[in-house]
Amino acid sequence: MSQVNSFKEALSTGYFGPYGGQFIPDALKNRLDALTEAFMSAMADESFHKEYVRILDEYVGRPTAMTECSNISRELGGARLFLKREDLAHGGAHKINNCVGQILLAKRMGAKRIIAETGAGMHGTASAMAAAMFGMECTVYMGEVDIARQEPNVERMRALGTNVVSVTAGQKTLKEAVDAALMAYIEQPDTFYLLGSVVGPHPYPSIVREFQSVIGKEARAQMLKREGKLPDYAIACVGGGSNAMGLFSAFLDDESVALIGIEPSGKGLNYGEHAATLTLGKPGVLHGFNSYVLTDDKGEAAQVYSISAGLDYPSVGPEHSHLKDTGRVKYELASDKETLEAFSILCHKEGIIPALESSHALAYAFKILPKLDKDKIVLVNLSGRGDKDFHSIPGEYKTPVLLKN
Ligand SMILES: *Cc1c(COP(=O)(O)O)cnc(C)c1O
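Because the structure is predicted, anything quoted here is derived from the model rather than measured.

Criteria and thresholds
- Throughout this document, residue positions are counted from 1 along each chain, in the order its sequence is written.
- Predicted model: local features are reported for residues with pLDDT of at least 70 only, side-chain atom pairs are reported and counted for 80 or more only, and whole-chain, interface and lining totals are derived from all residues.
- Calculation of side-chain values draws on the structure's entire complement of heavy atoms; hydrogens and water are dropped beforehand.
- A pair of strands counts as paired when DSSP detects no fewer than two bridges linking them.
- To qualify as a helix, a DSSP run of H or I must reach at least 4 residues; to qualify as a strand, a run of E must reach at least 2; elements of each kind are numbered from the N terminus.
- Fitted lines through C-alpha atoms serve as axes, helices being fitted only where they are in contact, and the angles separating the N-to-C directions of these axes extend from 0 to 180 degrees.
- By the convention used here, residues are in contact when the closest approach between their heavy atoms is within 4.5 Å.
- Helix span, expected: 1.5 Å multiplied by one less than the number of residues in the helix.
- For every residue, the accessible area (1.4 Å probe, protein chains only) is compared with the maximum for its type, and the residue is labelled buried under 20%, exposed over 50%, or partly exposed between those bounds.
- Throughout, the term roughly parallel applies to angles under 35 degrees, roughly antiparallel to angles over 145, roughly perpendicular to angles from 65 to 115, and oblique to all others.
- By convention, the crossing between two helices is left-handed when the near helix turns anticlockwise from the far helix through less than a right angle, and right-handed when the turn is clockwise.
- The classification used treats Ala, Val, Leu, Ile, Met, Phe, Trp, Tyr, Cys and Pro as nonpolar, Asp, Glu, Lys and Arg as charged, and all other residues, Gly among them, as polar.

## Concerning the sheet that holds strand β7 (residues 163–167)
Strand order in the open sheet made by the 4 strands is β7-β6-β5-β8, with parallel pairing throughout. With one partner strand each, in any of the chains shown, β7 and β8 (191–193) form the two edges of the open sheet. Neighbour-to-neighbour, the strand axes of the sheet open up by a mean angle of 25 degrees, direction not taken into account. Alignment of strand β5 (residues 113–118) against strand β6 (residues 137–143), held across 6 bridges, turns out to be parallel. The residue of β6 that forms the bridge with A116 is V140. Of the strands in this sheet, β5 and β8 touch helix α5 (residues 95–108), which is tilted by about 150 degrees from β8.

## Comments concerning helix α14 (residues 336–350)
The end-to-end C-alpha distance of α14 is 21 Å, a good match for the 21 Å that 15 residues give at a rise of 1.5 Å each. Looking only at α14, the buried set comprises D336, T339, L340, E341, A342, F343, S344, I345, L346 and E350. Following α14 by one or two positions, G351 adopts a phi angle in the positive range, close to 70 degrees.

## Re the packing of helix α6 (residues 122–133) against helix α8 (residues 151–159)
Two quantities define a packed helix pair, namely the angle between the axes and the distance from one axis to the other. With their axes 9 Å apart at the nearest point, α6 and α8 run at an angle of 15 degrees to one another. Classified by the angle between their axes, α6 and α8 sit roughly parallel to one another. Between α6 and α8 lies a crossing whose hand is left-handed. Residue-level inspection shows M122, G124, T125, A128 and M129 of α6 in contact with α8, the latter providing N153, R156 and M157. Of the residues assigned to the contact of α6 with α8, the class counts are 4 nonpolar, 3 polar and 1 charged.

Right, dumping it as structure tokens:
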């Protein structure tokens with residue numbers, strides 16, 4: 001079965017191979033069935049699509065640019081490097097693509113209030129922007145630790161009129177924020193849960209993938225127009241996996257395009273020092289869906305770590321788990337150190353400040369570029385901009401580091 005058909009099947013069954021599904025209380029089942037129905041009818045409705053595209057154009061600033069990084073290719077030797085510039089989307093990351101789509105769904109379903117979870121605050125900020133534009137009330141659940149770490153995004157959300165609720169359970173980060181948002185969604189029937197990545201119970205992985213697929217569609221068309229051929233490699237970082245699925249979705253049936261997802265190996269591969277879910281996890285259920293998960297020795301969700309707050313999640317989108325098992329996508333690692341070096345190199349060689357999340361994908365690209373022929377093309381999804389990250393970057397990486405080839 002082609003990968004495209006397997007996605008269509010997931011929309012009706014809720015499963016990508018053995019992954020996905022709905023492991024949820026009965027109280028949620030009807031709500032999610034109604035959401036699936038609304039999404040299917042929206043997808044078949046030309047006017048919904050038109051409105052989505054209009055907002056992407058006039059508000060988000062799409063299509064985003066595709067940029068060739070000739071300076072880096074020249075210095076490293078080997079293949080050519082291109083970036084898909086999601087850092088240029090409104091809000092500074094790809095998150096807004098999904099928020100605009102889901103807010104239109106919320107409106108279609110008659111919801112008046114939005115709830116969302118956030119880790120680093122990027123999805124919370126994009127949700128707050130979309131909610132403000134549509135005049136909807138918005139509450140964002142965020143771990144107490146993340147609130148302290150990500151003050152600028154908390155200020156942005158509050159300025160946009162969103163109510164930020166501090167979550168004090170457990171590790172006080174993203175996992176607990178998702179728990180709290182799911183609980184609020186169950187308790188409050190008039191709300192719409194705006195989920196931020198290709199995770200969660202069916203139909204969220206399919207919904208978020210659909211609204212992020214614009215990244216891959218644009219990149220594919222831009223590459224064909226500029227170079228007359230497809231890239232040889234398409235690389236993206238994987239936290240929950242939405243920017244990666246958005247890029248990969250357009251190339252799944254193009255066998256000549258190698259697809260590579262990059263997970264954070266953080267400080268190392270010991271327990272608690274990384275968030276390499278697909279590399280080191282095993283199948284299990286968390287947050288209502290079956291996928292690879294990282295667990296502790298009691299089988300509970302593991303403590304996870306990454307220098308980039310947007311990648312430290314102990315599970316991953318179910319489609320990625322399936323794509324790993326089928327071998328269509330390869331999942332590799334980038335450490336904090338490699339990531340920081342990549343961050344610095346892109347800053348001073350190309351004049352672009354990348355998010356630390358995206359810098360993981362860059363780090364891997366910089367490793368393979370010198371080994372490839374000059375006519376090969378490597379496309380990296382630059383999922384966001386790095387202005388938000390300066391407070392977590394050690395001083396030595398805030399000045400140019402040397403290229404080491
Ligand atoms: C949130 C975020 C990510 C991680 O989320 P995915 O769903 O894995 O894409 C990556 N990059 C940036 C810039 C983000 O804000």
